[in-house]
Amino acid sequence: MLFRSGIFYLVWVDEDPVGMGGLYRNNFEIAEIKRMYIKPKYRGNGFGKKLVKLLIEEARFMNIKIIRLDTMKHMSTAHALYRSFGFEERAPYSDRIKDELKPYYLFMELQLQ
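Right, let's walk through the structure included here.

About the criteria used
- Residues numbered from 1 in each chain as written.
- Predicted model: local features only at pLDDT ≥ 70, side-chain atom pairs only at ≥ 80, totals over all residues.
- Heavy atoms only, no water.
- Helix = DSSP H or I, 4+ residues; strand = E, 2+ residues; numbered from the N terminus.
- Buried < 20%, exposed > 50% of the residue type's maximum accessible area, 1.4 Å probe, protein only.
- Polar contact = N/O pair within 3.5 Å; in protein donor to acceptor, adjacent residues only side chain to side chain.
- Contact = heavy atoms within 4.5 Å.
- Pairing = 2+ DSSP bridges.
- Axes fitted to C-alpha atoms, helices over the stretch in contact; angles between N-to-C directions.
- Core = buried A, V, L, I, M, F, W, Y, C linked by side-chain atoms within 4.5 Å.

Considering the side chain of Glu32
Consideration 1: Locating Glu32 in the fold gives a position in strand 3 (residues 30-38).
Consideration 2: Taking relative accessible area as the criterion, Glu32 reaches 0% and is therefore assigned buried.
Consideration 3: In terms of polar contacts, Glu32 uses its side chain to reach the side chain of Tyr93, at 2.9 Å.
Consideration 4: Beyond its immediate chain neighbours, meaning those up to four positions away, Glu32 contacts Gly22, Leu23, Tyr24, Asn26, Arg68, Asp70, Tyr93 and Arg96.

A word on the sheet that holds strand 4 (residues 66-72)
For sheets, the rule is that strands pair by backbone hydrogen bonds, running either parallel or antiparallel.
Consideration 1: With respect to topology, six strands assemble into an open sheet ordered 1-2-3-4-6-5, the strand pairing being mixed. Across the chains shown, the open sheet's two edge strands, defined by having one partner strand only, are strand 1 (6-13) and strand 5 (88-90). Going from strand to strand, the sheet's axes swing by 30° on average, the running direction of each strand aside.
Consideration 2: Of the pairings in the sheet, the one linking strand 4 to strand 6 (residues 105-111) comprises seven bridges and is antiparallel in character. Pairing of Asp70 across the sheet is with Phe107, part of strand 6.
Consideration 3: Contacting strand 1, strand 2 (16-25), strand 3, strand 4 and strand 6, helix 1 (residues 47-61) runs over the sheet at an angle of about 155° to strand 1.

Thoughts on the nonpolar core
Consideration 1: One finds Leu23, Ile33, Ile56, Ile67, Tyr82 and Phe87 to be the most contacted residues of the largest nonpolar core, which totals 23 residues.
Consideration 2: At the level of elements, strand 2, strand 3, helix 1, strand 4, helix 2 (76-84) and strand 6 are the ones that each hand at least two residues to this core.
Consideration 3: Residue contributions to this core peak at five residues, all from helix 1.
Consideration 4: Beyond its immediate chain neighbours, meaning those up to four positions away, Phe87 contacts Ile33, Ile56, Ile67, Leu69, Tyr82, Met108, Glu109 and Leu110.

Spelled out as structure tokens, the structure:
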């Protein structure tokens, strides 16, 4: 049986690194999108959308049931991107973020069919 603990993508345009994003398996059914980033000069060109799509496809391949993520509250463009894929806000889930910092974060989750 194949069991992946995650995957990490680097996005390139010619020889210029454009962005990155990863999927980390927390347990058998739950994974997190981590380190999602697109360089400012490349934003608005669909790279983030393609990357999120790839990460969701990978989660399905890994038989993940729930994808979670955390993002800063001021990153409204990122929130819109995630919502366009069906992610919804949820209560904080991570112990890696200090309690005093959690008010600055938005936690989101996508239930996969």
